[in-house]
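Residues per chain, in single letters:
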Amino acid sequence: MTNNHQERWTRVKGRLRAEVGEDIFSSWFARMELESVESETVRLSVPTRFLKSWIQSHYAERVLACWQGEEPLVRRIDLSVRSTMMRPAAAATARPVSPATVTVRHDPAPAGFGVLNGHAAAPVPAATPATASAHDSIGGSPLDPRLTFDSFVVGRANSLAHAAAKQVATARRGDPVMFNPLYVHAAVGLGKTHLLQAIAWAGNAGGERRVLYLTAEKFVYGFVSSLRTQTTLAFKEVLRATDVLLIDDLQFLQGKSTFAEFSHTLNAMIDAGRQVVVAADRPPLDLENMDDRVRSRLAGGLVVEMGSFGEDLRLEILQARVASARSHHAAFDVPAPVLSFIAKSVTHNGRDLEGALNRLLAHSKLTGQPVTMELAEREIRDLVRPQEPRKVKIEEIQRIVARRYNVSRGDLLSSRRTANVVRPRQIAMYLAKTLTLRSLPEIGRRFGGRDHTTVLHAVRKIENLVGNDLALAEEIEAIKRELQE
Ligand SMILES: Nc1ncnc2c1ncn2[C@@H]1O[C@H](COP(=O)(O)OP(=O)(O)OP(=O)(O)O)[C@@H](O)[C@H]1O
């Protein structure tokens, strides 16, 4: 596949992102990859069957239309599921050479099972035939042997999440649960899965706790299968018999009855003092399809955001990756200036960093040639992206506005109507509307359950004031600068 195709693919993704909005894009399309373009057919892949069927049933025409906008000759989109062990970045490795034949992984070890109960990769022993059948349907999602605490690099962006995850992983059975649930959220590729799987691998040290790692997709599948085979009770029992339940990619949970089941599980686990850990691409209050009670239960434990990687962290992750790759392929060496170049130019996320290195590793393995700056520049051209302005979160806006006007964030969310609170609240709502993609009703909800008309009124009010009040305009500019830092 040529760079031309990759560039076109980048533009198609841009169109899709613009059409469906950031939230939907990152939920459904961020992990879609271009495999090949053959005259009228474009082949794309996604990591899971669930994503594939969802995209096919909801977005097939839109994806095709976006392609046709770039390449009118395209008539067909062929969507497939990438093999589970071939992580997206590994797929990227294969591409420049031959997509069908070369797959480079750091570690050829097979994936373990998601349920760990004393023996790594051992399934939970079945108690009754009904339970056994339920186990089949929730045998845990595969664990990647590379995703451990040892390989997780800690920096400013993720130190709190890491500390909390370590705490969960090293607690002993019967210890008081410090925060429940632990809710980790971050944008795509910033290490949520890595952290959850690290807990899964480390969480049963001593073999005394049962740890179950499930993607939300697997949860849905397990629950729906148990309904079909009439083993729902067993399904519930298996879930609730775990000491540590880890649910990844919670934003993919779907279906009314599945939501209800998840809610029961969450409540039962927390009430019984068993640990729940959840990862998602957004904070709990932004899980739009979920019931308010579930959202507030999720928000009621420890909610930690993992931020985007700074250059230092990117460099450390790259160094760690090279060291680990060298243990399998000693000839692989990446000179320090090349690593700094990648850390500077590939700014997005861990997956892109992994992709960049995998391409160099593939090159080194296939040609035996040393990695040079020229090679690196050529190989990772399509991963180099212009720095986007930082995404701003509503909570951040509330925090910074509250601090500047000497009120509390609670005041902004409260129903107090004194002048010293009303104006900052309006400013914060105005900033939420202008700096984020959130809708008016969503902003209203995030400001203590206000109506969208109140938000609209605040936005208009501040817009009018800013036109006539230079001091206020400057103040708002200063807040915006602080938010972008
Ligand atoms: N702190 C870190 N140290 C080392 N590697 C990391 C770190 N954070 C992320 N990575 C690597 O970046 C890649 C993407 O991470 P991961 O799959 O955990 O992201 P994610 O947040 O779960 O993404 P998604 O939202 O797509 O599920 C993985 O290869 C992971 O090992």
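Residues numbered from 1 in each chain as written. Predicted model: local features only at pLDDT ≥ 70, side-chain atom pairs only at ≥ 80, totals over all residues. Heavy atoms only, no water.

## What about the site of the ligand?
- Surveying the vicinity of the ligand reveals 22 residues, the closest of which are Val153, Thr193, His194, Arg321 and Arg351.
- Note that a nitrogen atom of the ligand is positioned 2.8 Å from one of the backbone N or O atoms of Val153.
- Separating an oxygen atom of the ligand from a backbone N or O atom of Gly191 is a distance of 3.1 Å.
- Elements with a minimum of two residues in the shell around the ligand: helix 7 (192-202), helix 12 (311-328) and helix 14 (350-367). (Near = heavy atom within 4 Å. Polar contact = N/O pair within 3.5 Å; in protein donor to acceptor, adjacent residues only side chain to side chain. Helix = DSSP H or I, 4+ residues; strand = E, 2+ residues; numbered from the N terminus.)

## A short note on unusual backbone geometry
- Here Asn180 and Pro181 are connected by a cis peptide whose omega angle stands at 0°.
- Tracing the backbone shows Pro181 in the loop between helix 6 (159-170) and strand 5 (182-185).

## Quick notes on the packing of helix 6 against helix 7
- Look at helix 6 against helix 7: their axes get within 9 Å of each other, and the N-to-C directions meet at 25°. Between helix 6 and helix 7, the crossing angle belongs to the class labelled roughly parallel. The way helix 6 lies across helix 7 gives a crossing that is right-handed. Each of Ala161, His162, Ala165, Val168 and Ala169 in helix 6 lies in contact with helix 7, whose residues at this interface are Leu195, Ile199 and Ala202.
- Broken down by class, the residue content of the contact of helix 6 with helix 7 amounts to 7 nonpolar, 1 polar and no charged. (Axes fitted to C-alpha atoms, helices over the stretch in contact; angles between N-to-C directions. Parallel < 35°, antiparallel > 145°, perpendicular 65-115°, else oblique. Left-handed = near helix turned anticlockwise from the far one by under 90°. Contact = heavy atoms within 4.5 Å. Nonpolar A, V, L, I, M, F, W, Y, C, P; charged D, E, K, R; others polar.)

## With respect to the environment of Ile270
- Structurally, Ile270 can be placed in helix 10 (residues 256-271).
- Apart from residues lying up to four places away in sequence, Ile270 is in contact with Asn180, Pro181, Val276 and Arg297.

## Section: helix 8 (residues 216-228)
- The terminal C-alpha atoms of helix 8 lie 18 Å apart, and with 13 residues this matches the ideal 18 Å at 1.5 Å per residue to within 8%.
- Among the residues of helix 8, Ala216, Phe219, Val220, Gly222, Phe223, Ser225 and Ser226 are the ones counted as buried.
- Phi turns positive, to about 55°, at Gln230, one or two residues after helix 8. (Expected span 1.5 Å × (residues − 1). Buried < 20%, exposed > 50% of the residue type's maximum accessible area, 1.4 Å probe, protein only.)

## Considering the packing of aromatic side chains
- With the rule as written, the count across this model stands at 5 aromatic pairs.
- A ring pair is formed by Phe219 and Phe235, whose centres lie 5.7 Å apart and whose planes are at 75°; its orientation type is edge-to-face. Taken as a pair, Phe219 in helix 8 and Phe235 in helix 9 (residues 232-240) lie far apart in primary sequence, 16 residues in all.
- Exposure remark for Phe219: the relative accessible area of 0% places this residue in the buried category.
- An angle of 85° between the planes, with centres 5.9 Å apart, marks the rings of Phe219 and Phe262 as edge-to-face. Here Phe219, found in helix 8, pairs with Phe262, found in helix 10; they are 43 residues apart in sequence, far enough to count as distant. Each member of the pair, Phe219 as well as Phe262, carries the same accessibility label: buried.
- Among the aromatic side chains, those forming a connected cluster through ring pairs are Phe219, Phe223, Phe235 and Phe262. (Phe/Tyr/Trp six-rings, centres within 6.5 Å; stacked < 30°, edge-to-face > 60°.)

## Observations regarding the sheet that holds strand 2 (residues 41-46)
- Spatially, 1-2-3 is the arrangement adopted by the 3 strands of the open sheet, whose pairing is mixed. Both outer strands of the open sheet, strand 1 (33-38) and strand 3 (76-81), are each paired with one neighbouring strand and no more. Sheet twist, expressed as the average angle between the axes of neighbouring strands with direction ignored, equals 20°.
- Helix 1 (residues 3-20) contacts strand 1 and strand 2 of the sheet and is inclined by roughly 125° relative to strand 1. (Pairing = 2+ DSSP bridges.)

## A short note on helix 10
- Relative to the 22 Å expected for 16 residues at 1.5 Å per residue, helix 10 spans 23 Å between its end C-alpha atoms, a close match to the ideal helical length.
- Looking at helix 10, one finds that the buried residues are Thr258, Phe259, Glu261, Phe262, Ser263, Thr265, Leu266, Met269 and Ile270.
- Its buried side turned inward, helix 10 meets helix 8, helix 9, strand 7 (244-248), strand 8 (275-280) and helix 11 (292-299).
- Looking one or two residues past helix 10, Gly273 carries a phi angle of roughly 75°, positive in sign.

## Quick word on the packing of helix 10 against helix 11
- Look at helix 10 against helix 11: their axes get within 10 Å of each other, and the N-to-C directions meet at 35°. For helix 10 against helix 11, the interelement crossing comes out left-handed. Along its contact with helix 10, which presents Phe262, Ser263, Leu266, Asn267, Ile270 and Asp271, the element helix 11 presents Val294, Arg297 and Leu298.
- Taken together, the residues that form the contact of helix 10 with helix 11 break down as 5 nonpolar, 2 polar and 2 charged.

## Notes on the UniProt feature "binding site: ATP" (unreviewed entry) in the chain
- Sites flagged by UniProt as "binding site: ATP" (unreviewed entry) map to Gly189, Gly191, Lys192 and Thr193.
- Within the element layout of this structure, Lys192 appears in helix 7.
- When residues no more than four places from it in sequence are discounted, the contact partners of Lys192 are Val184, His185, Ala186, Ala187, Ala279, Ala280, Asp281 and Met306.
- A polar contact of 2.9 Å, which involves the side chain of Lys192, links it to the backbone oxygen of Ala186.
- Tracing the chain through its elements places Thr193 in helix 7.
- With sequence-adjacent residues up to four places away left out, Thr193 is seen in contact with Leu147, Tyr213 and Asp248. (UniProt positions renumbered as here; feature names shortened; annotations may be inferred.)

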